[in-house]
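Here is how the chains run, residue by residue.
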Amino acid sequence: MNKEKLREAGEIHREVMDEAVDMVEERASKLEVAETAEQRMRELGAEPAFPVNISVDEQAAHATPAADSDDTFGEDLVCVDIGVHVDGWIADSARTVDLGGHGDITAAAEEALDAAIELVEPGVSTAELGAAIEEAIDGYGLNPVTNLTGHGLGEYEQHAAPSIPNRAVDRGVELEEEMVIAIEPFATDGGGKVNEGGEEQIYSLEELGANVRSRRARELVRDLEDRYRTMPFAKRWLDADRVDMSLRRLKSQEVVHGYPVLKEKQGKLVAQAEHTVIVTSDGCEVTTT
Ligand code: MN
Ligand code: MN
């Protein structure tokens, strides 16, 4: 664990997030917000750990604008989820901007996050974090999204063990000093489950060193390995010929994984709050505040 680089990623994250959130307003372009944030990370000496996610209303995760998107914001509930890495050491954090007076959903997610962070120290179970998250959101008369979870973060690894549940569960994993975890409650006025929607703009390699026969696809895979390893990337980041066809083929060969947009099952609103924390001997250090 490289605490210095985690802290650097966190500092860059904060700056990028503040600027991104400032740009989120009615009639602003989603693509411009995402690309500006990604460019800003690079200017500050970091790289995106995943494409900037901009999810509105019933969208919960894995939404990022396409290269030709002319989508703009309306009176939306907007979740901005940003990942920054410095040499593989990741800061993952999300904020929700309410452009439409959507009530307490954002506050519920934020309060749940604070409640969980408050509990973090070695020996505490991830089940206790989940229970605190559920209780805080329940206090607003809302539901946590239970089939999305927080997660550990490893070097160049966006989703590592342990998973951090967003509800009370029977058995958890004990937190240990020096673990790096992202805690990310989602609050909704719907039933609390998301499923895969249609659009897919985000992908990652399943593993490094995959054997690919077609020359065009092989060149793309080697390039992806060099640039992103197994971390998620956006289709709009690629400029290879016939990207759609190559991605489709690589998906069917299980070389590439696709992440369709996740939406609240009943089409209800979703808000997200997230921070990355390092577990310390007597609590935790939040790298993204
Ligand atoms: Mn995130
Ligand atoms: Mn996360």
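Source: prediction; values computed, not measured. (Residues numbered from 1 in each chain as written. Chains lettered and ligands numbered in written order. Predicted model: local features only at pLDDT ≥ 70, side-chain atom pairs only at ≥ 80, totals over all residues. Heavy atoms only, no water.)

J.: What is the right way to look at empty space enclosed by the protein in this model?
T.: Summed over the entire model, instances satisfying the criterion amount to one cavity of 30 Å³ or more. Considered as a void within the structure, the largest cavity measures approximately 30 Å³ in volume. In terms of lining, the largest cavity is formed by Ser 214, Arg 216, Ala 217, Met 245, Ser 246 and Arg 249. Sorting the residues of the lining of the largest cavity by element identifies α5 (215-228) and α6 (243-252) as the ones contributing at least two each. The biggest single contributor to the lining of the largest cavity is α6, with three residues. A class-by-class count of the residues in the lining of the largest cavity yields two nonpolar, two polar and two charged. (1 Å grid on protein atoms, 1.4 Å probe; cavity = no way out; pocket = protein on both sides within 12 Å on 5 of 7 lines; lining within 4 Å. Points joined across faces, edges and corners; volume = space filled by probe spheres on them. Helix = DSSP H or I, 4+ residues; strand = E, 2+ residues; numbered from the N terminus. Nonpolar A, V, L, I, M, F, W, Y, C, P; charged D, E, K, R; others polar.)

J.: Would you mind going over the packing of helix α1 (residues 3-23) against helix α2 (residues 30-43) with me for this structure?
T.: Packed helix pairs are characterised by how far apart their axes lie and by the angle those axes make with each other. Contact geometry of α1 with α2 gives a least axis separation of 10 Å together with a crossing angle of 160°. Comparing their axes, α2 and α1 come out roughly antiparallel. Once α1 is placed against α2, the crossing between them reads as right-handed. Counting all contacts with α1, which are made through Ile 12, Glu 15, Val 16, Glu 19, Ala 20 and Met 23, the residues of α2 involved are Glu 32, Val 33, Thr 36, Ala 37, Arg 40 and Met 41. Broken down by class, the residue content of the contact of α1 with α2 amounts to seven nonpolar, one polar and four charged. (Axes fitted to C-alpha atoms, helices over the stretch in contact; angles between N-to-C directions. Parallel < 35°, antiparallel > 145°, perpendicular 65-115°, else oblique. Left-handed = near helix turned anticlockwise from the far one by under 90°. Contact = heavy atoms within 4.5 Å.)

J.: What's the story with α1 in this structure? I'm lost.
T.: With 21 residues, α1 should cover 30 Å at 1.5 Å per step; its first-to-last C-alpha distance of 30 Å lies within 8% of that length. Where the residues of α1 are buried, they touch α2, β3 (77-86), β4 (89-98), β8 (180-183) and β14 (275-280). The residue sitting at the N-terminus of α1 and contributing the capping side-chain oxygen is Asn 2; that oxygen lies 3.2 Å from the backbone nitrogen of Glu 4. (Expected span 1.5 Å × (residues − 1). Polar contact = N/O pair within 3.5 Å; in protein donor to acceptor, adjacent residues only side chain to side chain.)

J.: Teacher, can you tell me more about the pattern of salt bridges here?
T.: Under the criterion given, the structure shown has 14 salt bridges. Of the charged contacts, one joins Arg 227 and Asp 223 as a salt bridge, the two residues approaching to 2.7 Å between their closest N and O atoms. Within this pair, Arg 227 and its partner Asp 223 are both found in helix α5, separated by four residues, close to a single helical turn. Assessed through its relative accessible area of 30%, Asp 223 is described here as partly exposed. (Salt bridge = Lys/Arg side-chain N within 4 Å of Asp/Glu carboxyl O. Buried < 20%, exposed > 50% of the residue type's maximum accessible area, 1.4 Å probe, protein only.)

J.: Explanation requested: the coordination of the manganese ion (ligand 2) in the structure shown.
T.: Geometrically, a metal with four donors at the corners of a regular tetrahedron has ideal angles of 109.5 degrees, and one with six donors at the corners of a regular octahedron has ideal angles of 90 or 180 degrees. Distances from the manganese ion (ligand 2) to its protein donors, Asp 92 (OD), His 151 (NE2), Glu 184 (OE) and Glu 274 (OE), fall at 2.1 to 2.2 Å. Between consecutive donor residues of the manganese ion (ligand 2), the sequence gaps follow D-x58-H-x32-E-x89-E. Separating the manganese ion (ligand 2) from the manganese ion (ligand 1) is a gap of 3.1 Å, bridged by Asp 92, which donates to each. Of this pair, Asp 92 sits in strand β4 while Glu 274 sits in the loop between β13 (270-272) and β14; the two residues are 182 residues apart in sequence, bridging distant segments of the chain. As far as burial versus exposure is concerned, Asp 92 and Glu 274 are alike and both buried. (Donors = N, O, S within 2.8 Å, 3.2 Å for Na, K, Ca; no water.)

J.: Please clarify how the pairing of β8 should be interpreted in this entry.
T.: For a regular strand, the rule is simple: side chains alternate between the two faces of the sheet. Burial along β8 is two-sided: Val 180 and Ala 182 and Ile 181 and Ile 183, pointing in opposite directions, are all buried. Sheet topology places strand β6 (residues 150-154) next to β8; two bridges connect them, and they run antiparallel. Looking at β8, one finds that Gly 152 is bridged to Ile 181. With four bridges joining them, β8 and β14 adopt antiparallel strand pairing. The partner of Ala 182 across the bridge, within β14, is Thr 276. (Pairing = 2+ DSSP bridges.)

J.: Explain the domain arrangement of the protein chain to me, please; I cannot follow it from the model alone.
T.: Many descriptions give the size of an interface as the accessible area lost when the pieces come together. Parsing the protein chain into structural domains produces domain 1 (3-196 + 265-286) and domain 2 (200-261). Each of domain 1 and domain 2 has a C-alpha centre, and the two are 25 Å apart. In total, about 1,600 Å² of surface goes out of reach between domain 1 and domain 2, with carbon and sulfur atoms giving 65% of it. Contact with domain 2 buries surface across domain 1, with Pro 51, His 62 and Tyr 156 losing the most and accounting together for 38% of the total. For the interface between domain 1 and domain 2, the tally reads one salt bridge. Between Arg 236 and Glu 38 there is a salt bridge, with the nearest N and O atoms lying 2.8 Å from each other. Connecting domain 1 to domain 2 are five residue pairs in polar contact (both at pLDDT 80 or more). Split into classes, the residues belonging to the side of domain 1 that touches domain 2 amount to 14 nonpolar, seven polar and four charged. (Domains from an automatic or database assignment. Buried area = accessible area lost by both parts, 1.4 Å probe.)

J.: Where do I start with the coordination of the manganese ion (ligand 1) in this structure?
T.: Looking at the manganese ion (ligand 1), one finds its protein donor set to be Asp 81 (OD), Asp 81 (OD), Asp 92 (OD) and Glu 274 (OE), positioned 2.1 to 2.4 Å from the metal centre. Its relative accessible area of 0% is what places Glu 274 among the buried residues.

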